[in-house]
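What follows is each chain in one-letter form.
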Amino acid sequence: MGATQATLVGVGFDLPSLIKNFTYNAGTSTFTNLYQNAALQPYGTFDVGIRSAGTGNFAGGNLTAGLKAGESTTVSFLFSGTNLTASAVESAFKTGIGDGSLDVVGRFQQVNAGGGSDKVIGGLLPESDGGNSAAVPEPTTMLGAIAAGGAFLGRKRLQRKQEA
């Protein structure tokens with residue numbers, strides 16, 4: 001049986017090649033640490049990593065500043081690149097995560113309140129799943145949703161910028 005509780009202390013992801021630069025705003029969240037080329041073994045290095053407040057590298061994390069079940073936070077990324085459009089960014093993230101060319105990872109601590117830690121690599125569920133997954137999403141589904149949500153928020157921000 002899998003873990004029934006844990007604290008999310010970090011999220012990392014790769015960027016599609018059409019994104020040339022970005023800025024990060026932690027807002028009021030506790031995910032104040034930003035890392036480029038964020039290493040998390042055994043999964044390798046990710047273009048971007050954000051982690052809960054505290055000292056150390058991306059592989060660490062501050063348990064008391066992490067997210068527990070039922071909690072949420074909002075952060076924002078502003079992407080830039082040549083001829084970058086909101087739909088192109090959304091499509092690039094969705095395609096890359098779906099075909100495995102872009103990876104997403106989550107860093108958890110206090111797994112099952114035993115003080116252990118874990119890392120989960122993410123991706124999107126295949127369409128053949130038919131939506132018959134369990135009511136509680138698997139960590140990979142959750143991480144795919146985080147990336148897709150980030151692409152959606154980036155799209156909304158780009159749309160607002162274009163309207164201005």
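These figures come from a predicted structure and were not determined experimentally.

Here is what the cut-offs are and how they apply
- Residues numbered from 1 in each chain as written.
- Predicted model: local features only at pLDDT ≥ 70, side-chain atom pairs only at ≥ 80, totals over all residues.
- Heavy atoms only, no water.
- Helix = DSSP H or I, 4+ residues; strand = E, 2+ residues; numbered from the N terminus.
- Buried < 20%, exposed > 50% of the residue type's maximum accessible area, 1.4 Å probe, protein only.
- Contact = heavy atoms within 4.5 Å.
- Polar contact = N/O pair within 3.5 Å; in protein donor to acceptor, adjacent residues only side chain to side chain.
- Lys, Arg positive; Asp, Glu negative; His and termini not counted.
- Salt bridge = Lys/Arg side-chain N within 4 Å of Asp/Glu carboxyl O.
- Phe/Tyr/Trp six-rings, centres within 6.5 Å; stacked < 30°, edge-to-face > 60°.
- pLDDT = per-residue confidence, 0-100.
- Pairing = 2+ DSSP bridges.

**Q** Just checking my understanding: could you explain the overall build of the chain for this structure?
**A** Looking only at helices and strands, the chain features two helices and seven strands. Ordering the α and β elements of the chain from the N terminus gives β-β-β-β-β-α-β-β-α. Burial analysis of the chain (164 residues in total) assigns 34% to the buried set. Counted over contacts in the chain with a minimum sequence separation of 6, partners at least 24 positions apart contribute 62%.

**Q** Got a minute to help me understand the environment of Ala88 in this structure?
**A** Mapped onto the fold, Ala88 is located in helix α1 (residues 86-99). Looking at Ala88, the relative accessible area reads 29%, which means it is partly exposed. Taking the C-alpha atoms as reference points, Ala88 and Ile19, separated by 69 residues in sequence, lie 9.9 Å from one another.

**Q** Before we go on, may I ask you to explain the environment of Gly12 in this structure?
**A** Looking at the secondary structure, you find Gly12 in strand β1 (residues 7-13). Among the residues examined, Gly12 registers a relative accessible area of 0% and is labelled buried.

**Q** Mind showing me how you'd approach the side chain of Ser29 here?
**A** Position of Ser29 among the secondary structure elements: in the loop between β2 (21-25) and β3 (33-40). One polar contact links the side chain of Ser29 to the main-chain carbonyl oxygen of Ala26, over a distance of 2.8 Å. Of note is the side chain of Ser29, whose polar atom sits 3.1 Å from the backbone nitrogen of Phe31. Beyond its immediate stretch of four places on either side in the chain, Ser29 contacts Tyr24, Thr73, Thr74 and Val75.

**Q** Help me out: how do you make sense of the side chain of Arg51 in this one?
**A** Inspection of the secondary structure puts Arg51 in strand β4 (residues 44-51). Of the side chains with opposite charge, Glu71 lies nearest to the buried Arg51, which makes no salt bridge, at 15 Å. Side chain to side chain, Arg51 and Tyr35 meet in a polar contact 2.9 Å long.

**Q** Before we go on, may I ask you to explain the environment of Gly60 in this structure?
**A** Tracing the backbone shows Gly60 in the loop between β4 and β5 (76-80). Along the chain, Gly60 and Gln109 lie 49 residues apart, while their C-alpha atoms are 9.2 Å from each other. Apart from the residues lying within four places of it in its own chain, the contact partners of Gly60 are Val9, Arg51, Arg107 and Gln109.

**Q** What am I meant to see in the packing of aromatic side chains here?
**A** How two aromatic rings sit relative to each other is given by the distance of their centres and the angle of their planes. Taken as a whole, this structure holds seven aromatic pairs when the rule is applied. Relative to Phe93, the ring of Phe79 lies with its centre 5.8 Å away and its plane at 40°, an arrangement referred to as tilted. Of the two residues, Phe79 is situated in strand β5 and Phe93 in helix α1; the sequence distance between them amounts to 14 residues. Look at Phe93 and you get buried, because its relative accessible area is 6%. Members of the aromatic cluster, joined through ring pairs, are Phe13, Phe22, Tyr24, Phe77, Phe79 and Phe93.

**Q** I keep staring at the confidence of the model for the chain and nothing clicks. Help me out?
**A** Detailed reading of the predicted coordinates is not advisable wherever pLDDT is low. Confidence in the prediction for the chain averages 76 pLDDT; 65% of positions are at 70 or higher. In the model of the chain, helix α2 (residues 139-163) stands out as the element of lowest mean pLDDT, 50, in contrast to β2, which has the highest, 95. Predicted confidence for residues 152-156 stays below pLDDT 50, and this span has three contacts to residues more than four positions away or in other chains.

**Q** Got a minute to help me understand the pairing of β4 in this structure?
**A** If a strand is regular, its side chains alternate between the two faces of the sheet. Within β4, six of the eight residues are buried, leaving the element largely enclosed by the surrounding structure. Judged from the four bridges that link them, β1 and β4 form a sheet pairing that is antiparallel. Looking across to β4, one finds that Val11 is bridged to Ile50. Of the pairings in the sheet, the one linking β3 to β4 comprises seven bridges and is antiparallel in character. The partner of Gln36 across the bridge, within β4, is Val48. Taken together, β3 and the strand that follows it, β4, pair antiparallel across an intervening segment of three residues.

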